[in-house]
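# A closer look at the structure
Residues per chain are reported as follows:
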Protein chains: 4
Amino acid sequence: MSLLDALFGSAAVAKAFSDEARLQRMLDFEAALARAEARVGVVPEGATRAIEAECQVSKLDFAGIAHAAADAGNLAIPLVAQLTELVKRSDPEAARYVHWGATSQDVIDTGLMLQVRDALVPMMDRIDRLCELLAGLADRHRATPMVARTWLQHAVPTLFGFKVAGWLDAMHRHRMRFETIRAHGLTLQFGGAAGTLASLGDRGLAVAQALAGELQLGVPDLPWHAHRDRVAEIGTTLALCMGTLGKMARDIALQSQTELGELAEPAKAGGGGSSTMPHKRNSVNTALILANAERVPGLTATMLTAMQQEHERGMGNWHAEWETLPEIFCLVGGALERTMTVMDGLEVHADRMLENLQLTRGLIFAEAASMALASRIGKSEAHKIVEAASRKAVLEKIDLSDVLAEDPQVTAHLSPEDVERIFDSRSYRGEAERFIDRVLATHRTIFKVTATHPV
Amino acid sequence: MSLLDALFGSAAVAKAFSDEARLQRMLDFEAALARAEARVGVVPEGATRAIEAECQVSKLDFAGIAHAAADAGNLAIPLVAQLTELVKRSDPEAARYVHWGATSQDVIDTGLMLQVRDALVPMMDRIDRLCELLAGLADRHRATPMVARTWLQHAVPTLFGFKVAGWLDAMHRHRMRFETIRAHGLTLQFGGAAGTLASLGDRGLAVAQALAGELQLGVPDLPWHAHRDRVAEIGTTLALCMGTLGKMARDIALQSQTELGELAEPAKAGGGGSSTMPHKRNSVNTALILANAERVPGLTATMLTAMQQEHERGMGNWHAEWETLPEIFCLVGGALERTMTVMDGLEVHADRMLENLQLTRGLIFAEAASMALASRIGKSEAHKIVEAASRKAVLEKIDLSDVLAEDPQVTAHLSPEDVERIFDSRSYRGEAERFIDRVLATHRTIFKVTATHPV
Amino acid sequence: MSLLDALFGSAAVAKAFSDEARLQRMLDFEAALARAEARVGVVPEGATRAIEAECQVSKLDFAGIAHAAADAGNLAIPLVAQLTELVKRSDPEAARYVHWGATSQDVIDTGLMLQVRDALVPMMDRIDRLCELLAGLADRHRATPMVARTWLQHAVPTLFGFKVAGWLDAMHRHRMRFETIRAHGLTLQFGGAAGTLASLGDRGLAVAQALAGELQLGVPDLPWHAHRDRVAEIGTTLALCMGTLGKMARDIALQSQTELGELAEPAKAGGGGSSTMPHKRNSVNTALILANAERVPGLTATMLTAMQQEHERGMGNWHAEWETLPEIFCLVGGALERTMTVMDGLEVHADRMLENLQLTRGLIFAEAASMALASRIGKSEAHKIVEAASRKAVLEKIDLSDVLAEDPQVTAHLSPEDVERIFDSRSYRGEAERFIDRVLATHRTIFKVTATHPV
Amino acid sequence: MSLLDALFGSAAVAKAFSDEARLQRMLDFEAALARAEARVGVVPEGATRAIEAECQVSKLDFAGIAHAAADAGNLAIPLVAQLTELVKRSDPEAARYVHWGATSQDVIDTGLMLQVRDALVPMMDRIDRLCELLAGLADRHRATPMVARTWLQHAVPTLFGFKVAGWLDAMHRHRMRFETIRAHGLTLQFGGAAGTLASLGDRGLAVAQALAGELQLGVPDLPWHAHRDRVAEIGTTLALCMGTLGKMARDIALQSQTELGELAEPAKAGGGGSSTMPHKRNSVNTALILANAERVPGLTATMLTAMQQEHERGMGNWHAEWETLPEIFCLVGGALERTMTVMDGLEVHADRMLENLQLTRGLIFAEAASMALASRIGKSEAHKIVEAASRKAVLEKIDLSDVLAEDPQVTAHLSPEDVERIFDSRSYRGEAERFIDRVLATHRTIFKVTATHPV
């Protein structure tokens, strides 16, 4: 991995897409093919063992593959050639049966499916752990008051736990999407030269089924070489998750601004310093998540554009997927890991949240006041009165509650106690806590855990 | 609709996203909100009727909305203002309760969900009919031999029905994806100013549930104003379908080339002519499908990029969805309709398919010969012999079967009858028919139809 | 225009891409072609007048064009058919010469070039006026101190005029890019059926040159039907400008946050209100600019993807440009207009800027202190001392200057006066003013104006 | 480089963006900074030599940089730290002045500019050589008749040299765009913490100018940390070139189809074989160019989206460029090299081109016939007659010339000799040769060569 790949990506996910892993998963296909064909009786039992024995990536000559690939246009052709040579040395008879009946795309696509399955292990592990972190955070902050912001402006009061529950709610959906991919999206590719498996006579389907069994992959209704919706959907599923990680990172970046000071990435010695400004503590993890969020949509568009593959095998568009999907995986994986780092130890400055609530001298309760008034005189009228009062409070730099308490249009309908109640910082939370509870209940259902907090 | 919108889009789908439909669906939200709130006891029963009566798009002043929207930044604010005025005229008391407790985004997002549901009706209708057309085509051409092509080159023989079955197989998956959206992806948006429904006190959730019941939408665990994965997923689902439509169109475009002549769009008087070349018959439908396939991935990237919405309401990124998702819908809808036109009456020139099979003097059976030989002498050896024979056949412009019949390396293992059988145009189809059957069986399961063709 | 097109786009720019304008510009091509061919002697002089007389968009039957276009696949074929009919009525002989020697793409592409030229008029007008507004703003705020922020955190002091000069500097470059397009990027398309102009025998080039003269377009070395770099470059040029407009809008959105309060869109009665929160004043223009900034990159990717056009005329990819480039134009045009609105009357709260500078109790001068110390003891050492002092100032909530004034490592090298000077809010501006002057000098050179402010 | 990076990319271009090159170019900045600051008198002359001596990438500890970068969020901070340590060992006094007054982004962005300049050397070399190859090809085939195709259908006759001249014409424009970048697009980044160069007092601009002189980069009007149009424009310039390379590859892929057989990639032993089909010769280079053409637009959209950088330094969006621009470079570079390979030795089967011209029994001359007739009876009438004749020729499988020769509507106006002349394969070339000449003349002007072929 280059220095920048390491910076943005996930080492655990990248491992599934390394040269070694890619070639090994292709060799796994070849070994499983030999076993499956022996089982069905297409190749002699003896050949299988000789082939399997050589299906180890450590036996390959990488430089030779690199060199041959430049002319062959893919890694499968030189890999099969080397494997055949290796087998030939120990068992020339068995060498005849290497890659029997398969085409390059069979081994590349099925290899990809195995790599995706490998990569999903760390991905889902991280999603699960992130959900756990978020559930804890939502629960701990179920009563932490905070400013809700729309259009980057103060709107009404909310709870920090409510915001976190929103993050968690989205992650629950992503978890389900990934689960669907893992359960239903991983499918054998095996069709021979052009999908008909003609080279296997009337035993093609039997081999396909045995092979899928060996590799624990689904058997498709028919081979899908030039139909890439399954592969592109893996990309879009990852991209949707990236969108949510980007949204969380944006929220944290904004709430970490010097003037807001509500959140901060966990402090780490040496992390986030500036090369020139001694006082800086940059939100490094957040920034790198945002970087990945900028990059994934364009890569996903490539996956979608590449779907228009010609005839029985795409020319160029298939090849366009090879680096693009792994790149999406690594970027989303890297963002997941950095989001975990951020959430696990996120500094939540409840005091600053409260200060910010009080920053606008009661304007944050303008809607509360308007609604209280509206129930007496109607929404439009109330809106206008509170709008005017808000303007006055801003211009004269006084508290909105004071303006309202002196406005006869208001006092005719609301008592001083009513007004006081409206501007109480514990008030006007609506259903926020019940919404948090709903999300946490779903969380417990998904993860089959029992409540640690009485809800 | 502009002339170009009409050219590329689907009128039926566009209707769901017209100004009229958009505003009416927003009014439907307002009417349902009044009913739901009356049911829960938040607003007086009487107000509901007065509000409902005015929730008709024909009563709105569009020019006024356009003018006010430029400053308001969305259509909801002027719409609510006009609606309130309309209600006020007939029932000033009821006017107090218009839009009670809701925010602009509630009406816009929920309105969008209703529009999506409307648009899914023609979309799914067209998908179903397209599947039907493809199933018929696959069945009719289950024995039509054709060249399979990889990298735009002749590969091995296949059946046209097998290719069509591949198209159908992908459409089955898209149908299921749309079905999932329709069943689970359409969700109420209702959270008030910032998601907490504070303006409704402790009755927010009850109103939300009643409102969802009125509109027949799902109730989310919590409001999702700034979490756009549901909306973006509608976009990616459409984009995946577009990819397959583009792939089919590309296949047809290529097989319609003058030199191939295997397929042609159904002829229509006046269609596809050139302004200058009298002999031309352009594949107009196919070209326009391909155009849409080029456009949708970029639009989908926008949907994904727009997911990073700030805090409790996005600033700009939410707005970026407003025209983008409808545009994706219209382009995919237009492509679906044109694909139906193409498939319903597709000219299949089986004679040209057969001619093309024979075009290379037997080279198309090179793999068949190689496999036959391989079972005797191993794959690599066989591959080399047939590769050399193929080169000779090309250079000397003679039939591959003749070259092989004279090659002692071949005749030592294959009899003249063996060779003849290899080069029989009905041979070497492998599992193609069984794959067709598998897809058609799935088709019958999905559509609950019984076989019309004995399989 | 739909309500949403009107919201996001520019009416002036959209006008150049309306149905009427598109068809009129195609008719202008046909009229100019007749004139050019008469001049070269290819068609009789008399035919020209009859053709020209009918080249008025008001004479066309739009519904008929819409209907015929659906089958023809473009607007040129029905337009030419209607024009021919119109001419035939007045001069059957002249009707023979309508569209003589041209192909559909000639009229569509050249029409596009004329539309682009039309659209560039309001675009460049707005760019010029925006530059003027920015130059004024930079000049007025050349001494307004403000916090510079990196990674959304306070960094060091800067001047608001310096930030504006940075915006202006980028707009200067965009202006030059547009100027280059206008001067060199608008080129005649005229090649007949496949670029050879064969239908005009040996007079094709002469007609091309006369036609280019009529339309005031460049004559390319050869027709460029399937080479779209000129058209795609118009798209990328617009997209680059959109990126800068998005950057400015992002800055303003962030500085308008409640907690920062440094900037605000000009107030307008009724603008930016919330449907539910009486105190809100949303930055509507800024949000809509940001929306357009999200949308343009995906559309630009479409323009780039569409470049791979087949043979002598693209199939689908050419068509993909037709709505995409106008959409980019309208979105960038709309963003330009809204940016002008924002800049013309931008509320600059210099008091809040100053307050924010002082918000961190001197931390903003940490680098200044570090550099002062560094000149005595080296950069690393100084960085460490000030870093520790900064941490202490934050933890103990005291001024950094006080921490430093008591630190013997500091007082050994800096006098109390030195320290005081470092923390003076007018200090540590470096070259900011000279950079402003450089940009304003360039501005005056470009716009050939003399300085209004002594620099 | 990974196996796949090597497959798709250019080794020569990738070298400019390797870890080593990236770090070395950053060190070059640091060395030049020390020299420049000594020149201006900001740092002592002696420090320069000590710093310069350590600015060698071989002295860096890469693993250490990788480890520290994960927390620092960029490579500059650990690089500067290591460099400072290295200098300290030999000259503790000099170590104080490492990176003096600069910020991380200064070294990263300026380093990028140097890398771009390095990468432009092989890029422009390849563009020049490709132009040369294309000029030769256009010239050699200035009289090779071929079918022009629109919408993938036969249109009219053309010359292969004319098509190649179209490719060359586009490459001329790309060459000029790259030239512009090289001459005007490479600019120093040097602004210190937030662009004001405050840490250098009143000598910042002087240092900037000296530093730009050292590095031979342009001096911008003001630092451009958060204004990325220059960087994004490098991306769009590359993307435009990629579009043309993709278009050429698409043409060649299509003309290489088995049924067309007009072109073929140069044969190479072992190249383009299939793992299962002995007769296949895949167009490997063409496919890989097409793959890159699919990938670059999405990456370019990322560059454009990333332009909205916050305040004085972007958070995440700046980082999104770091891998994206190099990836674009490598993909375009790889495509350029493979295009050269294809063009240098492209098999042009003039015989097949001629056969294809004759394939449609004269339909290719339908426009020629129509135009000949049109000059007598008008275009519409002629079009209709030839359209009907074409249909008849197709249906009855006879030559169009025979149909026309028997049609009294035709024979009334055209003599048998006229008809014969129309259907002569050497006829109806229009201005094709003159267009070739125009492009070759431009070529000679650009490359200052004299004609090798009499034109």
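Heads up: the structure comes first, above all this text.
Residues numbered from 1 in each chain as written. Chains lettered and ligands numbered in written order. Predicted model: local features only at pLDDT ≥ 70, side-chain atom pairs only at ≥ 80, totals over all residues. Heavy atoms only, no water.

With 98 residues of chain B at the contact, the number on the chain A side is 98 residues. When the buried surface of chain B facing chain A is broken down by residue, W151, Q308 and H311 of chain B rank first, second and third, together holding 10% of it. The interface formed by chain B and chain A holds 8 salt bridges in total. The closest approach of N and O atoms between K163 of chain A and E312 of chain B, which form a salt bridge, is 3.4 Å. Seen at the junction of chain B and chain A, the total is 43 residue pairs in polar contact (both at pLDDT 80 or more). At 15 residues, the largest contribution of residues to the side of chain B that touches chain A is made by helix α11 (residues 229–255) of chain B. A per-class count over the side of chain B that touches chain A returns 42 nonpolar, 30 polar and 26 charged. (Contact = heavy atoms within 4.5 Å. Buried area = accessible area lost by both parts, 1.4 Å probe. Salt bridge = Lys/Arg side-chain N within 4 Å of Asp/Glu carboxyl O. Polar contact = N/O pair within 3.5 Å; in protein donor to acceptor, adjacent residues only side chain to side chain. Helix = DSSP H or I, 4+ residues; strand = E, 2+ residues; numbered from the N terminus. Nonpolar A, V, L, I, M, F, W, Y, C, P; charged D, E, K, R; others polar.)

Contacts between the two partners involve 60 residues from chain B, matched on the other side by 60 residues from chain C. Buried surface at the junction of chain B and chain C, summed over both partners, amounts to about 4,700 Å²; 62% is from carbon and sulfur atoms. Across the chain B-chain C interface, the total number found is 4 salt bridges. Here R250 of chain C makes a salt bridge to E310 of chain B, at a shortest N to O gap of 3.7 Å. Counting across the interface, chain B meets chain C through 8 residue pairs in polar contact (both at pLDDT 80 or more). Elements with a contribution of two residues or more to the side of chain B that touches chain C: α1 (3–8), α3 (19–40), α5 (62–72), α11, α12 (284–305) and α13 (317–343) of chain B. Looking at the side of chain B that touches chain C, the element that brings in the most residues is α12 of chain B, giving 12 residues. Looking at the side of chain B that touches chain C residue by residue, the class counts come to 27 nonpolar, 21 polar and 12 charged.

On to the relation of the copies chain B and chain A, then. Each copy of the sequence occupies a distinct position, and chain B is placed on chain A by a rotation of 180° and an axial shift of 0.0 Å, giving an RMSD of 0.0 Å. Considering both components of the superposition, the chain copies are consistent with a two-fold axis. Among all residues of chain B, the minimum C-alpha distance to the rotation axis is found for A301 of chain B, at 2.8 Å. Mapped onto chain A, 100% of the interface residues of chain B are again interface residues, and the two copies thus contact each other with one and the same surface. (Least-squares fit on C-alpha atoms with pLDDT ≥ 70 in both.)

Here we take up the pattern of salt bridges. Applying the stated rule across the entire model yields 132 salt bridges over all chains. One connected set of salt bridges, linked through shared partners, spans D169, R173 and R177 of chain A together with D229 and E233 of chain B.

We now examine helix α6 (residues 76–90) of chain C. A rise of 1.5 Å per residue sets the reference length of α6 of chain C, with its 15 residues, at 21 Å; its end C-alpha atoms lie 21 Å apart and thus fit the reference within 8%. Of the residues making up α6 of chain C, those classed as buried are A76, P78, L79, V80, Q82, L83, T84, L86 and V87 of chain C. Structurally, α6 of chain C contributes buried residues whose contacts are with α3 (19–40), α4 (45–54), α5 (62–72), α7 (92–95) and α8 (104–140) of chain C together with α16 (379–396) of chain D. (Expected span 1.5 Å × (residues − 1). Buried < 20%, exposed > 50% of the residue type's maximum accessible area, 1.4 Å probe, protein only.)

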